[in-house]
Amino acid sequence: MMKRRQWLQSAAGIATCAALPAWAQGRSSASGRLVVPFAPGGGNDVFARQLSHGLSEAFGYNMIVENKPGAGGNLGTEMVVRASPQSDTYLLGHTGTVSINPALYKGLKFNPTTDLQPVAMFASSALLLVVPATSPIRNVAELVKALREKGEAMNYASSGSGSGGHLAGEMLAFMLGVKATHVPYKGTAPSLNDVAGGLVDFSFSVIPAAQALVKSGKLRALAVTSLQRHAQLPDVPTVAESGVEALAKFESTLTYGVLAPKGAAANTVKKLSDEILQVAAQSAFQSKLGVEGAVPLLGDAKAYAKKIQEETRKWDAVIKASGASV
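Since the model is a prediction, treat every value here as computed from it, not as a measurement.

Enquirer: Provide a residue-level description of the environment of Glu149, including the pertinent values.
Expert: Positionally, Glu149 belongs in helix 6 (residues 140–150). The class of Glu149 is exposed, set by a relative accessible area of 54%. Each C-alpha atom of the pair Glu149 and His53 lies 51 Å from the other, and the pair is 96 residues apart in sequence. Within polar-contact distance, the side chain of Glu149 engages the side chain of Lys145 at 2.7 Å.

Enquirer: Which residues make up the pairing of strand 1 (residues 31–36), and what values go with them?
Expert: Bridge analysis of strand 1 against strand 2 (residues 62–67) gives six bridges, and the strand direction is parallel. Each residue of the ladder has a partner; that of Leu34, found in strand 2, is Val65. You can see the chain leave strand 1, run along helix 2 (residues 43–59) and come back into strand 2, and the turn it takes is right-handed.

Enquirer: Please provide a residue-by-residue account of the pairing of strand 7 (residues 202–206), values included.
Expert: With four of five residues buried, strand 7 is to be regarded as a mostly interior element. As defined by bridge partners, strand 4 (residues 116–132) adjoins strand 7 across four bridges and the pair is classed as antiparallel. Its bridge partner being in strand 7, Leu128 is matched across the sheet by Ser205. One ladder, built from two bridges, connects strand 5 (residues 155–158) with strand 7; its direction is parallel. Note that in strand 7 the partner of Tyr156 across the bridge is Phe202.

Enquirer: Explain the side chain of Asn67 to me, and be specific about the residues and the numbers.
Expert: Here Asn67 shows up in strand 2. Only 3.0 Å separates the side chain of Asn67 from the side chain of Asp45, close enough to count as a polar contact. A distance of 2.9 Å separates the side chain of Asn67 from the side chain of Arg49, its partner in a polar contact. If near-sequence neighbours (up to four positions away) are discounted, Asn67 is found in contact with Val36, Phe38, Ala39, Pro40, Asp45 and Arg49.

Enquirer: So what's going on with the environment of Leu259? Residues and values would help.
Expert: Along the chain, the position of Leu259 falls in strand 9 (residues 253–261). On the basis of relative accessibility, which here comes to 1%, the residue Leu259 falls in the buried class. Considered as a pair, Leu259 and Pro85 are 174 residues apart in the sequence and their alpha carbons are 11 Å apart. In this structure, Leu259 is in contact with Val80, Tyr90, Leu91, Gly93, Val98, Leu116, Gln117, Pro118, Val119, Tyr304 and Ile308, ignoring residues within four places of it in sequence.

Enquirer: Give a detailed account of the confidence of the model for the chain, specifying residues and quantitative values.
Expert: Residues of the chain with pLDDT of at least 70 account for 91%, and the chain-wide mean is 91. A low-confidence stretch, residues 1–24 (pLDDT under 50), is modelled with nine contacts involving residues beyond four sequence positions or located in other chains.

The rules behind these values
Residues numbered from 1 in each chain as written. Predicted model: local features only at pLDDT ≥ 70, side-chain atom pairs only at ≥ 80, totals over all residues. Heavy atoms only, no water. Helix = DSSP H or I, 4+ residues; strand = E, 2+ residues; numbered from the N terminus. Buried < 20%, exposed > 50% of the residue type's maximum accessible area, 1.4 Å probe, protein only. Polar contact = N/O pair within 3.5 Å; in protein donor to acceptor, adjacent residues only side chain to side chain. Pairing = 2+ DSSP bridges. Right-handed = clockwise from strand over helix to strand, strands pointing away. Contact = heavy atoms within 4.5 Å. pLDDT = per-residue confidence, 0-100.

Right, here's the structure in full:
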């Protein structure tokens, strides 16, 4: 009688497991936490919430978005680094927080390139190189000529030290073998306003903000920083297309992806990776990317890990050569 009861209990357990919906198999729970290491409202936050919505709609997986801003993304990144591998806690990361910050910030007590596990990448965003509309500089070659002639007398604005615009300027100077003066601002809007007013010579800026001022006639767009032209700016060349030999391989973009704490279960990572890539392939999701000036860049954990390694090597060289630090 006891053996029969044990068999029935075992059979019931097997049946219950078989009845679990596909999204629950291989997970410790039906919900997770996606940490955004920046304040609400920006592109990172938009991507995270759209991704969360897509996962819920398609797979019934409730990914709760939690904003943890501070220290250029380091506070939220460290939260995920320190999280239990079984906690279903993930990071919405990008090149800045994962590949740039370890070299840029001195004294970090963790390294996201080794302390986090890539899950999937889903997008990439470039910057727009702009000058005042009244500037005599009309293309990248003319900007390069001015930089080589004037050096540090030429200045460029960014939304802050350690920002994408700051590092793109450092990369430009590094590849040309020149110096330029970096002028950090507290945000994109004030930096672009001063460029538009002719107080600063040029800037690398996020596309949506800069594009609006280009359309209004206050800024002139010289180039995008990706290797391919941007779909929203088909008439704007890339920096690499400038004809300047030293800039033939210039690329300054941010790759966006999801990362897990080191040691997260392989089957959990694989399942989430597959789901993210399915959501990111949907037209509705990609439309949201476009609004923020980003384009799809889909890759699984292996492809994302390779991309992180490439970006880390590239930015390490730029930061060391420039002496930039925060």
